[in-house]
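# Report on the structure
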Amino acid sequence: MANWQWFHKWGSPRWFYQFSGRLLPWLAIPALLLLVGGCVWGLAFVPADFKQGNSFRIIYIHVPAAAVAMGGYMLMATAAAVHLIWRMKLAAIVMKSAAPIGAALTFLALLTGAVWGKPTWGTWWVWDARITSVLILFFLYLGLIALHQAFENRDAAARACAVLAIVGAVNIPIIYWSVEWWYSLHQPASIKFVGESTIHPTMLRPLMATLSGMYLFFGWVLLLFVRAEIIEREKNTRWVQALVSGK
Amino acid sequence: MGTSTVMFAVLRRDLQAALRRGSEWSNPLLFFLMVCSLFPLGIGPERQQLAVLAPGIIWVVALLASMMATDGLFRGDYDDATLEQLLLSPLPLYPLVLAKTFGHWLVSGLPLSLLSPLLATILQLPSEGLAVLMVSLLLGTAVLSFIGAIGAALTVGLRKGGLLLSLIVLPLYIPVLIFGSAAVKSAIDGMAYLPPLAVLAALLMAALALAPLAIGGALRISVDQ
Amino acid sequence: MVFANLQQLWQMDGHGPYVWFSFATSAIVLCALVFESRRRGRNARALAAAAARRRRAENQF
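To start, this report covers the structure provided alongside it. Just so we're clear, the structure is a prediction, and the values are computed from it rather than from any experiment.

## Some words on the interface of chain B and chain A
Listed per partner, the contact involves 25 residues of chain B and 28 residues of chain A. Contact between chain B and chain A buries roughly 2,200 Å² in total, counting both sides, with carbon and sulfur atoms accounting for 84%. Contact with chain A buries area across many residues of chain B, yet Leu154, Leu172 and Ile221 of chain B alone supply 24% of it, more than any other trio. Remark: the boundary between chain B and chain A carries one salt bridge. As a salt-bridge pair, arginine 159 of chain B and glutamate 152 of chain A come within 3.0 Å of each other at their nearest N and O atoms. Applying the counting criterion to the chain B and chain A interface returns one residue pair in polar contact (both at pLDDT 80 or more).

## A look at helix α4 (residues 89-121) of chain A
Residue and element names in this part refer to chain A. Taking 1.5 Å as the rise per residue, α4 with 33 residues should run 48 Å; its terminal C-alpha atoms sit 47 Å apart, in good agreement. Of all the 33 residues making up α4, 26 are buried; the element is thus mostly covered by neighbouring parts of the structure. A positive phi of about 80° marks glycine 122, the residue just after α4.

## Quick word on the interface of chain A and chain C
Counting residues at the interface gives 46 residues for chain A, matched by 33 residues for chain C. Here chain A meets chain C over a buried area of about 3,300 Å², counting both sides, of which 75% is carbon and sulfur. For the chain A face of the interface with chain C, the top three residues by lost area are Leu43, Asn54 and Phe225 of chain A, together amounting to 17%. Scanning the region where chain A abuts chain C turns up eight residue pairs in polar contact (both at pLDDT 80 or more). Elements with a minimum of two residues in the side of chain A that touches chain C: α2 (13-44), α3 (59-86), α4, α8 (201-233) and α9 (238-246) of chain A. For the side of chain A that touches chain C, the per-class residue count stands at 32 nonpolar, eight polar and six charged.

## A closer look at the nonpolar core
Counting residues in each nonpolar core, the largest one holds 167 residues, and the members touching the most others are Leu147 and Phe217 of chain A together with Phe74 and Ile215 of chain B. When residues in this core are grouped by element, the largest group, 18 residues, is from α4 of chain A. Setting aside anything within four residues of it in sequence, one finds phenylalanine 217 of chain A in contact with Ala31 and Leu35 of chain A together with Leu30, Leu33 and Val34 of chain C. Ala129, Val179 and Tyr183 of chain A together with Ile178 of chain B belong to the second-largest nonpolar core, a separate cluster that totals seven residues.

## Points about the side chain of arginine 227 of chain A
Residue and element names in this part refer to chain A. Position of arginine 227 relative to the elements: it lies in helix α8. No salt bridge is formed by the buried arginine 227, whose closest oppositely charged neighbour, glutamate 229, lies at an N-O distance of 13 Å. Within the local environment of arginine 227, its side chain forms a polar contact with the side chain of serine 20, the two groups lying 3.1 Å apart. In this structure, arginine 227 is in contact with Tyr17, Ser20, Gly21 and Leu24, ignoring residues within four places of it in sequence.

## A look at the environment of serine 178 of chain A
Within the secondary structure layout, serine 178 of chain A lies in helix α6 (residues 154-186). Here serine 178 of chain A falls in the buried class, since its relative accessible area comes to 0%. Separated by 49 residues in the primary sequence, serine 178 of chain A and arginine 227 of chain A have C-alpha atoms spaced 38 Å apart. Beyond its immediate stretch of four places on either side in the chain, serine 178 of chain A contacts Pro175, Ile178 and Phe179 of chain B.

## Overview of unusual backbone geometry
All names here are of chain B. The phi torsion at alanine 81 lies on the positive side, around 65°, for a residue other than glycine. Structurally, the position occupied by alanine 81 is in the loop between α4 (75-79) and α5 (82-88). Among the residues examined, alanine 81 registers a relative accessible area of 30% and is labelled partly exposed. The phi dihedral of glutamine 124 is positive, around 65°, even though this residue is not glycine.

## Side note on the arrangement of the chains
Inter-chain contacts occur across two pairs of chains; the most extensive set of contacts lies between chains A and C. Separated without contact, chain B and chain C have their nearest C-alpha atoms at a distance of 24 Å.

## Quick notes on empty space enclosed by the protein
Rolling a probe over the atoms, with the probe sized like a water molecule, indicates the empty space that remains. Going through the model one piece at a time under the given rule, you end up with two cavities of 30 Å³ or more. Estimates place the volume of the largest cavity at around 60 Å³. Lining the largest cavity we find Phe74, Leu83, Leu86, Leu87, Leu93, Leu96, Val97, Lys100 and Leu219 of chain B. Among the secondary structure elements, those contributing two or more residues to the lining of the largest cavity are α5 and α6 (93-107) of chain B. For the lining of the largest cavity, the element with the highest residue contribution is α6 of chain B, accounting for four residues. For the lining of the largest cavity, a count of residues per class yields eight nonpolar, no polar and one charged. Taken as a whole, the second largest cavity spans an internal volume of roughly 40 Å³. What lines the second largest cavity is simply Tyr73, Phe139, Leu140, Gly143, Leu144 and Leu164 of chain A together with Leu167 and Ile168 of chain B. Contributing elements (two or more residues each) for the lining of the second largest cavity: α5 (129-150) of chain A together with α9 (162-188) of chain B. The leading source of residues in the lining of the second largest cavity is α5 of chain A, at four residues. Among the residues making up the lining of the second largest cavity, the classes are represented as seven nonpolar, one polar and no charged.

## What to know about the pattern of salt bridges
Under the criterion given, the structure shown has eleven salt bridges over all chains. As a salt-bridge pair, glutamate 232 of chain A and lysine 235 of chain A come within 3.5 Å of each other at their nearest N and O atoms. A salt bridge links aspartate 14 of chain B to lysine 100 of chain B; its shortest N-O distance comes to 2.8 Å. Taken as a pair, aspartate 14 of chain B in helix α1 (residues 3-20) and lysine 100 of chain B in helix α6 lie far apart in primary sequence, 86 residues in all. On the basis of relative accessible area, aspartate 14 of chain B is assigned to the buried category, the value being 15%.

Calculation criteria
- Residues numbered from 1 in each chain as written.
- Chains lettered and ligands numbered in written order.
- Predicted model: local features only at pLDDT ≥ 70, side-chain atom pairs only at ≥ 80, totals over all residues.
- Heavy atoms only, no water.
- Contact = heavy atoms within 4.5 Å.
- Buried area = accessible area lost by both parts, 1.4 Å probe.
- Salt bridge = Lys/Arg side-chain N within 4 Å of Asp/Glu carboxyl O.
- Polar contact = N/O pair within 3.5 Å; in protein donor to acceptor, adjacent residues only side chain to side chain.
- Helix = DSSP H or I, 4+ residues; strand = E, 2+ residues; numbered from the N terminus.
- Expected span 1.5 Å × (residues − 1).
- Buried < 20%, exposed > 50% of the residue type's maximum accessible area, 1.4 Å probe, protein only.
- Nonpolar A, V, L, I, M, F, W, Y, C, P; charged D, E, K, R; others polar.
- Core = buried A, V, L, I, M, F, W, Y, C linked by side-chain atoms within 4.5 Å.
- Lys, Arg positive; Asp, Glu negative; His and termini not counted.
- 1 Å grid on protein atoms, 1.4 Å probe; cavity = no way out; pocket = protein on both sides within 12 Å on 5 of 7 lines; lining within 4 Å.
- Points joined across faces, edges and corners; volume = space filled by probe spheres on them.

Structure below.
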């Protein structure tokens, strides 16, 4: 079955370790260049928003953090499904490794959102639909991490978390939609202007840079976590011992 | 034995056990009653203010009470290895899980919903909202039972499951809370309360179709470890 | 640069503290992620190296 060869290859931690080692610089360097470059661009070389003033520059970190946290959850749920269906160990490692990164990014999105809210809305926290959704995403990540830590058996932890991650992924669209609906029911008139303020193309370009930079950064750090976990799990195998003794 | 025979057997066994140990169904009810009466003490006795907050309070407390009841859903069966027997039996898991969850709703969600008009009166909820409150709780607590059962199945093998269960399950409860309390508020304000109720019913249908699969998978994991 | 000088870039018409705080904490959190992942990698390698030493010692007897 030549078609399935790639699948066995991806299931092999050793192969993945070697493959991802070659991939690392191709993720790390563009990620850092795009993130740093996009931030400098957005901080100093883009005109201020005529409604929000300079505080709008926070979106160059807030939006990528929120978007990648969301994408990270979907990646985690996909890995969870792969693990449950094909019992692929590597998928369990990816799922476990994505959780702390996603939680950190949702935390960042919440923090920068709150800091942006103070000069824009005059208060640190507003129960606006988007921020509430990010908060719930944060809770979902924390629940997964807590569940994983509660198990002593590593395989049971991975499978239980996989079920929870899939349940969460099925629920996320429902949660987001219900929060949108809830917000439309209670929306105060005073903060409607935020939705209307159209973003100018010159402001959009640095955002594209930091957004793609954040995706690459996620991939890079995910690989670092996955590689650490592979070494830890395979520490008694010959190839790992040869690897650590070799240098 | 046919599937429906086993479903009824499981259901009857659970109901009899719940009736024998009265605490299983009465404790969540007492919790519901006590926490609801804490709110006026914390907020103040003004009628107007309580009337505004009542739908949200009742819904949040009902949600917590339902969650606390879920913790024991599979624990007894897990401890005396009945669960393992059920999983080993050649019967499909889906109807078994359905029977267990339905039985749980009968002793937790149903009495809670039936008691809710009393609490609503204590909390000064306008009478226009009473019927809708009860219907929304009947539909909503059923969804909560299904979602809670997923969490209970995942944590049943763990020694300290209780608090962990709430961390897992509470975020997933949010849509039910939103539409349940919105239905009551709409009824009080004289607006259309059927759409949110219809959404609750739709959520129930989705939970009915999908949740038993997740519960069954989670139970297998908990028993296998 | 849209700001006349560094002083203005720092202050951003009064929004400076908010903007710079956001970017500074973001930099800290992202760096912490990288360091944490590398720390785990180092720990795992140390464990594997210890296991390898044990195995070599056993083989000598």
